[in-house]
Amino acid sequence: MEKKLLGLLGSEEYQPSNVPELLAQLGMKPNQQQVLQGLLKRLEKQGKILRTKGNRYIEAEEADLVPGVIQVTRGGRGFVMPDEGGGAEISVPESKMDTAMHGDRVLVRLDFKPGQQDRSGSVVRILERKRTQVVGTLQRTKQFLHVTPDDPRLPGVIYVPEPRDVGRRANVGDKVVVEITQWGSGKVAPEGEVIEVLGPPDEEGVDMLSVLRNYDLPLHFPKNVLNEAHAIAKSRPDNQPSAQECAGRVDCRAHNVVTIDPDDAKDFDDAICMQQEGDQWRLWVHIADVSHYVKPGSALDVEASKRGNSTYLVDRVIPMLPEALSNELCSLKPNVDRLTKCVEFVMSKHGQVVSAKFYSAVIRSKRRFTYKEAFSVLQAPPNNETEQMLHDAHEMAQKIRHLRFKNGSLDLDFPENKIRLDEQGRVLRIEKIENDVSHQLIEEYMLLANEAVAGRLMGLNRISVYRVHESPKEKRLNDFREEVLSHRVPCGDLTHRPEVQKLLARLQTLPIGPALKIGFLRSLMRARYAVEPLGHYGLAKPKYTHFTSPIRRYADLVVHRSLFDKAELQAGDARQIAGHISATEKNSSDAERDSKEVKLYAYLKAQLASKKPHSYEALVTEVRNFGFFVDVPDLGLSGVVPLSAIPDDFFIFDPVTRQLTGRHTRRVIRLGDNVVVQIYRVDSARKQVDFRLVIKPEEEGRSRKPEKKERGERRERDRSEIKSAPPRKPGHGHKRAQQNKKRKR
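Every chain is numbered independently, its residues counted from 1 as its sequence is written. Predicted model: local features are reported for residues with pLDDT of at least 70 only, side-chain atom pairs are reported and counted for 80 or more only, and whole-chain, interface and lining totals are derived from all residues. Excluded from the side-chain calculation are hydrogens and water; included are all heavy atoms of the structure.

Moving on to the overall build of the protein. The number of helices and strands found in the protein is 19 helices and 33 strands. Each radius of gyration is computed over the set of C-alpha atoms, and the globule rule expresses the reference value as 2.2 Å times the number of residues to the power 0.38. For a compact globule of 745 residues, the expected C-alpha radius of gyration is about 27 Å, and the protein comes in at 28 Å, within 12% of that figure. Overall, the protein is about 85 × 85 × 60 Å in size when its C-alpha atoms are taken along their principal axes. Per-residue burial over the protein gives 52% buried out of 745 residues. Any pair of residues with heavy atoms lying within 4.5 Å of one another is described as a contacting pair. Put simply, 66% of the contacts in the protein that link residues at least 6 apart link residues at least 24 apart. Taking the average place of the 120 positive charges on the side chains of the protein and the average place of its 104 negative ones, the gap between the two points comes to 2 Å. Helix and strand labels come from DSSP, where a helix needs a run of H or I of at least four residues and a strand needs a run of E of at least two; each type is numbered from the N terminus. The cut-offs for exposure are 20% and 50% of the maximum accessible area for each residue type, with area from a 1.4 Å probe on protein chains only; residues under the lower value are buried, those over the upper are exposed, and the others partly exposed. The sign given to each residue is positive for Lys and Arg and negative for Asp and Glu; His and the chain ends receive no count. All charge positions are set by atom: Lys at NZ, Arg at CZ, Asp at CG, Glu at CD.

In structure tokens form, the structure reads like this:
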């Protein structure tokens, strides 16, 4: 019926018709009107059709209307990814957002302008709200009570009446959850009702509770899901699969299988083994067989699908599966039998894949390595068979890595920061995690397995979910190229991959390199899931999917089923899953970033209060007329140094050279400079961190206090410019390594 109706609306002879007319044209009986109306309502909600004046229906596409999910930046701009796969994203200016909020499904009318390359449009209808509940701070003016959302991508204020029956008294300044009850137009502020009082923002636990509520992350599993997980665990009292479950699988329990994971990991979903066979090597990549326990349509599957992935907040993990599975029966722990899906490779001595086969297996891991332990083993001669295998696996991984970059893969890695908290939830220390050879060892084999599985699925013509990273827009690359050239750095045509590789290699040798590399990352598309195997730009792999982490990613569980189950996934279901898990991944990424930021903001505010702020090395990433932006690696934060925070000079901005010059000291500040900064101001509401420049002792004698008139001019200029300045593009407090990882994988 749906196909017939859409065919009618899309035909050249069709004229906009109402329900009785459609009944006649479709050859339906009058008593089927209710069925037709239900179908029309569903298709209208999906954004496939549109009801016009006079209750007549037309195909949305005919009116240049496109349905999709809108993503909103912290700067207020929107980007809509169309529901139909393969369509280019549509940019939506803040003035044309109407009442759309981040994550909503919307209907966008395309705007066509002569000579315009990128697609842009305006929101004409909200098809489905992603959220109706918002976390914010309760505030009061003389006349109104309102809530200011924590998320800067949401409306500025939400007007609320006095809170009633919410469990605890609400005070001005408290963090609260508000339900939006009315918002008819983007020209007026929304109205809502406080439904939960979380408490004062500095009260222990309120910061993380705010993040959990803001991103709608569950604290607990539903009872039926836990019951199902416990039933599976109890049926295997020794926490191992039964002999019947192991039967029919390839028995790899005698193999020297090992895992390598972070020191605090509990869900080990991948393991490897390698053996030499003459001039070739046999490599086994084992992945936890979650699909054996989590069946389609079960309570576990429904909840895992809803969550989409595990979320790793700074102080806790919100797992996709209950611990009875994620940390126990599915986790590839040492010295116990575990079920896996295996990709067995035959590798040449030069690191090339000779053959690959795929099967269900059973293993018994011999040892669990942390990355630190594996790195230590690789720095010394091997002492036993397991350590020798680790050395062999490392040498092979480096050969594979060399070939990957030779084939066009891009080196986009940055060091990652790990925040360690004390027992009170305060920042204890910040550790830098380098992508050393122990990480690379596992990474190369996981990439190899993901690529092989994608190729197998495509060869079988199986419908599945692929991990895609589309090529960046030519305009963005050209704009970035102009930026690079303006700093007198040689740069070829970046639409040609070898030129991108040359530039990235060149940037490794230049002081300005890290700043420009961050700029390149911003020009890239975000990796996502799709039914179409569009390839992975960053990895230079035309065939790529996610197969290696089914404990924490629903995508991988779907791929396991697509490869090994007899029942095939339907295209419509796969498309819906791909869109949903792309959204849950983005939601988790934002929550993870915010959880780190709230802890860092509290840490930095404590420094300000102590009057003894720490000094940090920082990299200048952008220079503007009101100040300059810096990236602080030791904090994993970006922020701005406003000129008002430099007390010893008056700076002149040169828009041609894009640099600031001190009128008295002649100090020059340009992109790529290394400077020392201290915390100057923290604005948690705007998610903005400002730093001040630390003047080195050898520079103090060359400076003098600026004239009173000049100081006044600077304060006025800073005040006006900073108000009008757009927020930092991925946002102040942005975590570089996390942004990079999401795009790269």
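Let us look at the pattern of salt bridges. Pairing is possible between side chains that carry opposite charge, provided their charged atoms lie close to one another. The rule for a salt bridge is simple: a side-chain nitrogen of Lys or Arg has to be within 4 Å of a carboxyl oxygen of Asp or Glu. Tallied over the full model, the rule gives 56 salt bridges. Between Glu162 and Arg140 there is a salt bridge, and its shortest N-O distance comes to 3.0 Å. Pair noted here: Glu162 is in the loop between β10 (158–160) and β11 (175–182) and Arg140 is in strand β8 (residues 133–140), with a separation of 22 residues, a long-range link. With a relative accessible area of 47%, Arg140 lands in the partly exposed category. Linking Asp634 and Lys432 is a salt bridge whose minimum nitrogen-to-oxygen distance equals 4.0 Å. Here Lys432 lies in strand β23 (residues 427–433) and Asp634 lies in the loop between β27 (627–632) and β28 (637–642), a separation of 202 residues in the sequence. Judged by relative accessible area, which is 43%, Lys432 ranks as partly exposed. When salt bridges that share partners are traced, they join Arg131, Asp151, Arg153, Lys586, Asp590, Arg593, Asp594 and Glu597 into one network.

Another aspect to go through is the sheet that holds strand β31 (residues 668–669). Strands pair in a sheet through their backbones, by hydrogen bonds, and they do so in one of two ways: parallel or antiparallel. Only when DSSP finds a minimum of two bridges between them are two strands counted as paired. Strand order across the open sheet formed by three strands is β29-β30-β31, with antiparallel pairing between neighbours. The open sheet is flanked by β29 (651–654) and β31, the only strands paired with a single partner.

With that out of the way, let us pick up the confidence of the model for the protein. Here the protein shows a mean pLDDT of 88. Residues at 70 or above account for 92%. A score between 0 and 100, pLDDT records how confident the predictor is in each residue. Note that residues 701–744 has pLDDT below 50 and, in this model, 107 contacts with residues that lie over four places away or in other chains.

Take His146: it is sitting in strand β9 (residues 145–149). The class of His146 is buried, set by a relative accessible area of 9%. With sequence-adjacent residues up to four places away left out, His146 is seen in contact with Thr137, Leu138, Gln139, Arg140, Thr141, Val157, Ile158, Tyr159 and Val160.

Along the chain, Ser523 turns up in the loop between α14 (513–522) and β25 (528–530). By relative accessible area, which is 5% here, Ser523 ends up buried. Excluding anything up to four places from it in sequence, Ser523 contacts Pro472, Arg476 and Leu477.

Right, let's talk about the environment of Gly68 for a bit. By secondary structure assignment, the location of Gly68 is in strand β3 (residues 65–72). Setting aside anything within four residues of it in sequence, one finds Gly68 in contact with Val80, Met81, Pro82, Asp83, Asp104, Arg105 and Val106.

Time to look at the pairing of β28. Across the six residues of β28, six count as buried, placing the element largely inside the fold. Burial along β28 is two-sided: Leu637, Gly639 and Val641 and Ser638, Val640 and Pro642, pointing in opposite directions, are all buried. Counting the residues in the hairpin turn of β27 and β28 gives four residues, including Gly636, whose phi is positive at 70 degrees.

The next point concerns the packing of aromatic side chains. Between rings of Phe, Tyr and Trp, where Trp is taken as its six-membered ring, a pair exists when centres lie within 6.5 Å; planes separated by under 30 degrees are stacked, by over 60 edge-to-face, and by other angles tilted. Scanning the entire structure with this criterion turns up three aromatic pairs. Each ring, one from Phe480 and one from Phe520, has its centre 5.6 Å from the other, and the planes form 50 degrees; the classification is tilted. Residue Phe480 is located in helix α12 (residues 474–486), and its partner Phe520 is located in helix α14; the two are separated by 40 residues in the primary sequence. The class for Phe520 is buried, based on a relative accessible area of 2%. Looking at Lys341, its charged tip hangs above the ring of Phe564, at a distance of 4.4 Å from the centre. Our definition puts a charge over a ring when NZ of Lys or CZ of Arg is within 6 Å of the ring centre and also within 35 degrees of the ring normal. The side chain of Arg467 reaches across the aromatic face of Tyr529, ending 4.6 Å from its centre.

Attention now moves to the environment of Trp281. Take Trp281: it is sitting in strand β16 (residues 280–288). Take Trp281: its relative accessible area is 13%, and that puts it in the buried class. Counting along the chain gives 218 residues from Trp281 to Glu499, while the straight-line C-alpha distance between them is 34 Å. If we skip the residues at most four places from it in the chain, Trp281 touches Met274, Gln275, Gln276, Phe345, Val346, Met347, Lys349, Asp392 and Met396.

Glancing now at the pairing of strand β2 (residues 56–59). Summarising the sheet, strand β1 (residues 49–52) and β2 pair through four bridges and their orientation is antiparallel. Within the sheet, the bridge partner assigned to Thr52 lies in β2 and is Arg56. The turn joining β1 and β2, which pair antiparallel and follow one another in sequence, is formed by three residues; a positive phi near 80 degrees is taken by Gly54.

Here we come to the packing of helix α9 (residues 371–378) against helix α11 (residues 437–460). To obtain each axis, a line is fitted to C-alpha atoms, and for helices this fit is confined to the stretch in contact; angles are then taken between N-to-C directions over 0 to 180 degrees. As a packed pair, α9 and α11 sit with axes 8 Å apart at the nearest point and diverge in direction by 105 degrees. With respect to α11, the axis of α9 lies roughly perpendicular. For the pair α9 and α11, the contacting residues are Tyr371, Ala374, Phe375 and Leu378 in the first and Val437, Ser438, His439, Leu441 and Ile442 in the second. Residue type decides the class: Asp, Glu, Lys and Arg count as charged, Ala, Val, Leu, Ile, Met, Phe, Trp, Tyr, Cys and Pro as nonpolar, and the leftover types, Gly among them, as polar. Tallied by class, residues from the contact of α9 with α11 come to seven nonpolar, two polar and no charged. We call two directions roughly parallel when the angle between them is under 35 degrees, roughly antiparallel when it is over 145, roughly perpendicular when it lies between 65 and 115, and oblique otherwise.

All right, on to helix α15 (residues 554–564) then. Residues lying three or four places apart along an α-helix face the same way, a consequence of the helix completing one turn every 3.6 residues. Most of α15 sits inside the fold, with 10 of its 11 residues counted as buried. For α15, the complete set of buried residues consists of Tyr554, Ala555, Asp556, Leu557, Val558, Val559, His560, Arg561, Ser562 and Leu563.

Moving on, we come to the environment of Pro200. For Pro200, the location among the structural elements is in the loop between β12 (191–199) and α4 (206–214). In this structure the C-alpha to C-alpha distance between Pro200 and Thr137, which are 63 residues apart in sequence, comes to 9.1 Å.

Our next topic: the packing of helix α1 (residues 2–9) against helix α3 (residues 33–46). In contact at an axis separation of 11 Å, α1 and α3 are set at 70 degrees when each is read in the N-to-C sense. One finds that α1 runs roughly perpendicular with respect to α3. Between α1, through Glu2, Leu5 and Leu6, and α3, the contact on the second element is made entirely by Leu36, Leu39, Leu40, Arg42 and Leu43.

Our next topic: helix α5 (residues 223–234). Given the number of residues in a helix, its expected span is that number minus one, multiplied by 1.5 Å. Helix length check: α5, at 12 residues, gives a terminal C-alpha distance of 16 Å against a target of 16 Å (1.5 Å per residue), a fit within 8%. If you check which residues of α5 are buried, you get Val225, Ala229 and Ile232. The buried residues of α5 occupy an angular sector of 60 degrees when the element is viewed end-on, so they sit on one face. Opposite the packed face of α5, turned more than 90 degrees from it, sit the exposed residues Lys223 and Lys234. The inward-facing, buried residues of α5 abut α7 (299–307) and α8 (323–329). Within this analysis, the arc is defined by the directions that extend from the helix axis to the C-beta atoms.

The next subject is unusual backbone geometry. The phi dihedral of Asp216 falls on the positive side, at around 55 degrees, and the residue is not glycine. Here Asp216 is to be found in the loop between α4 and α5. A positive phi is found at Asn461, a non-glycine position, where the angle reads about 60 degrees. By secondary structure assignment, the location of Asn461 is in the loop between α11 and β24 (466–468).

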